[in-house]
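Structural overview
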Amino acid sequence: MTIKLGDIGEVLLIGDCSVEDADVLIQRLLEDPSVAVDWTKCTNAHTAIIQVLMAAGRLPEGVPKNSFLEAMVGPALRRDQEVNSAFPKQPRGAKEPNDTIAITKGPARQE
Amino acid sequence: MNEFVEQFLLEARELIEQATNDLLALEKGEGRKETIDALFRAFHTLKGAAGIVEFAAMGRALHAAEETLSEVRNETREVSPTLVDDCLGCLDQISRWLDEMETTGEPPTNADAAADVIVKKFVVKAHDADDGRPRTSTKAWFETLRNIHGGKLPAAGVALHFRPEADTFFRGEDPLARLAGVPELVLVDLALPDGTVLDDIDPFSCVLEIVAVSRASKDSVWAAFEGAPGVLDIVELHAGAVELRQDLQSLLQAQILLLNENGTEGRLGRMAAAGRVTINVLQHEGLLDAAARIAALLETCLVKGDAATLIAAIQSMLDGPAGVESAPHLDTTVRVRAPTNLVMRVDSSRIDALVNLTGELTVTKNAFGHIAALIQNGVDPKEILADLREQQTRLDRLVGELQRSVLKIRVLPLRQVFQRFPRLVREISTSIGKSVTFVTEGESTEADATIVESLFEPLLHIVRNAIDHGSEDPATRKAAGKPSSASIVLRARRQLENVIVEVEDDGRGIDVRRIREVAADRDLLPKASLSEMSDNEIVQLIFAPGFSTSTEVTGLSGRGVGLDSVKAAVERIGGTVSVDSHPGQGSRIRLTLPFTVMVTKVMTAEAAGQVFGFALDTVVETASVPRKDLAAIGRGRAFVLRDRTIPLINLAESLGLSGSQEATEEARIVVTSSAGYLGGIEVDRLGERMDVMLKPMDGLLKNMRGVAGTTLLGDGRVLIVLDVQELFE
């Protein structure tokens, strides 16, 4: 379990937050929509976790222990929050442009 | 450097030369099948060699080229000029790596980016072949990206859009982890479909959309997302504004100032330095493509001796995107490499000759032992005299032969220099839109390695002149009834103890009248003597310092670096240069070079009790001047010799030795000439003339100034031979 509650009731993302933790995070955020999220101790966050944070409109506090999260994902989340500069959301199931290159569905690769 | 690397460098260079020749032949359409096979083998062998020294980046680059060549071999692909250019570019990059390896002794660690550029060239070509044109970047997501982040996009790199499959998490995939594997990310944007709320999100279904920008190559993005379930779209970013910090901008501006500086002295050095700084700045900022572009330009500029395009390219980077786009893009580069032959290949028959000589010398040595024993046993020395003489004659002959054989080992065929020219002539003539048929003759003529190695630059200068000034443009040639393609012949032959190298063109020849005019205008010689000189004598004036008759300044030549530099370079290796011209029919420049530079004639002189040597070709004469006639000028001294004032230095003083106390009435002076200036060197005593095998200084003493080399005197003392020019500097 890497989603914990902190001293003042905030949600702490600790260590390597995996896809299983996304469900827990959703529960926490639904329980208290105004709860703070802190990722200071987060060393890695699965795409599923980031997806939940975005859906909740949350910008985690602190500086994560992962340079990719800090330098790339953090700013992306911040931009997503700022209404005007956010990357426009695509309607669900938008058609792909025809000339994109599809990647063959190979066997899943464990990272 | 370990033996593997040494051998690798040697072989790789040979393979590169061979592949280059094959590529040029292929372009001309010569012997297709065999040439393609040979070319393919050369690339293949190079790749194998890269594997042996564990140089992965080089292997990768060559593999990409080899794949494409294999398509050519299977006749599924045509040979196009672009293909030849790409292959030549690949070989150029490998040569650069080899240069680095030669200094460091191991494969460069930062070669991946450059390898990526090469791989991309070949792989992208393969992709583009599908629809025949590069993909356009009018995708909606890219437009949006540009609208939001326009100013932050790098000049070179890629923008990517990835939409993972919904069930991607179930396959154990983490799309953001894939993204984290893309090198040199600049920015990331993430988006969920509109209306996604926490209440109804399925945590195990991926709905995220990823947009990112990286300075890395398309291929490294492909590699990072390989096998990831989803749809990946990549757009390559081309010339855009180069973002540079203020301090780096001013650094680049300083380089432009440096490049714009006038004066021919140290020009190439300045250019190289400014180019290097620019490349470093760009590399530091991660603008690898731009850095590679400048590196290519720099080399071309160094060959042409003209920095204009380099200045334009740096300026346009400072100016912004529009400028960058208009900067000339050169895929192929012309290289000047000062070859440092650490290892030489020697014909085994020459080694055998040495082995035989050693055998004969041993026999002679034993004969002396026998004679010594006879004397010891009380045989009258007079009876042995004839025997002794005979052995001495034999020894004399053997030592002479040994000397010649050893010299032969240092001998290289001129092919080593000549084979670099077809490629260069192609580059130069294409760049100025002239058609040139280039022929080399007598490549197997041999000369001392030192001579062969120092021939490249003067020859390049002459050939460049022949293309640029000598040959007319195709239209003029046709009007004059000549074939539209100019012919330039680079020829070598042995003539007694000399090696003759000629560059002959069938161009317009040298305009003698114009040379007379210019010489008179510039007061090179008094008018009276000019009118007395024959046409042939006048033509030789093109080698005078600062003489250039070209009225138009082209990008190639005519910017003040004259043929005098050729003359200086040839004279440095003990040769002479002359020109023969027939107006309307062409001209021929001839270099007469010594076969070897090993045997030097020296004159000895004594100072502070030590014997020193001067190369005899720098000594003009010796003179005795009464001390009262030596005049002090400033801190130095001078004397007058036949109405000329000649600066004088004291040898002992200038070498930091305690001067001699001998108070002679007359100063003994060796009058020397170097770089066209006379100088006097005061010595204590004049010595003798002798032929010596000059041994250059090496190790710690290699860079010692004022010393040309050493040799042993008959009595076993070391004779230091001085470099006169450096003494006066």
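Residues numbered from 1 in each chain as written. Chains lettered and ligands numbered in written order. Predicted model: local features only at pLDDT ≥ 70, side-chain atom pairs only at ≥ 80, totals over all residues.

1. As for the overall build of chain B
- Secondary structure assignment for chain B yields 26 helices and 22 strands.
- The buried share of chain B, taken over its 729 residues, is 36%.
- The contacts in chain B between residues at least 6 apart in sequence include a share of 69% that link residues at least 24 apart. (Helix = DSSP H or I, 4+ residues; strand = E, 2+ residues; numbered from the N terminus. Buried ≥ 20, exposed ≤ 12 C-beta atoms within 10 Å, placed from the backbone. Contact = placed C-beta atoms within 7 Å.)

2. A closer look at the packing of helix α3 (residues 56-73) of chain B against helix α4 (residues 81-104) of chain B
Residues and elements named next belong to chain B.
- Packing of α3 against α4 leaves a shortest axis separation of 11 Å and a crossing angle of 160°. Here α3 lies roughly antiparallel to α4, going by the angle between them. For the element pair α3 and α4, the recorded crossing hand is left-handed. Where α3 abuts α4, its residues Met 58, Ala 61, Ala 65 and Thr 68 lie against Leu 83, Cys 87, Cys 90, Gln 93, Ile 94 and Trp 97. (Axes fitted to C-alpha atoms, helices over the stretch in contact; angles between N-to-C directions. Parallel < 35°, antiparallel > 145°, perpendicular 65-115°, else oblique. Left-handed = near helix turned anticlockwise from the far one by under 90°.)

3. What about the sheet that holds strand β15 (residues 631-633) of chain B?
All names here are of chain B.
- If you walk across this open sheet you meet the six strands as β14-β18-β19-β17-β16-β15, and the pairing is mixed. Bordering the open sheet on either side are β14 (619-626) and β15, each of which pairs with just one other strand. Strand-to-strand, the axes of this sheet are offset by a mean angle of 40°, without reference to chain direction.
- Where β14 lies against strand β18 (residues 666-674), seven bridges are found, and the strand directions are antiparallel. Bridged to Ser 624 within β18 is Arg 668. (Pairing = 2+ DSSP bridges.)

4. Structural notes on the confidence of the model for chain A
- Put simply, chain A has an average pLDDT of 74, and 73% of its residues get 70 or more.
- Contacts from residues 84-111 of chain A, a stretch scored under 50 in pLDDT, to residues over four places away or in other chains number 44 contacts. (pLDDT = per-residue confidence, 0-100.)

5. Digging into helix α8 (residues 218-225) of chain B
- Regarding α8 of chain B, the residues found buried are Lys 218, Ser 220, Val 221, Ala 224 and Phe 225 of chain B. Each buried residue of α8 of chain B sits inside an arc of 165° when the element is viewed along its axis, so together they form one side. (Arc of directions from axis to C-beta.)

6. Let's talk about the pairing of strand β3 (residues 209-214) of chain B
Residue and element names in this part refer to chain B.
- Buried residues dominate β3, accounting for six of its six residues.
- With burial as the criterion, each face of β3 is covered, one bearing Glu 209, Val 211 and Val 213 and the other bearing Ile 210, Ala 212 and Ser 214.
- Looking at chain direction, strand β1 (residues 157-164) and β3 are connected through five bridges and run antiparallel. The partner of Val 158 across the bridge, within β3, is Ser 214.
- Here strand β2 (residues 185-191) runs beside β3; their pairing, made up of six bridges, is antiparallel. Considered in β3, the bridge of Asp 189 is made with Val 211.

7. Section: unusual backbone geometry
All names here are of chain B.
- With a phi close to 55°, Glu 54 is a non-glycine residue in the positive phi region.
- In this structure, Arg 642 is a non-glycine residue whose phi angle is positive, near 45°.
- Residue classification places Arg 642 among the exposed residues on the basis of 6 C-beta atoms within 10 Å.

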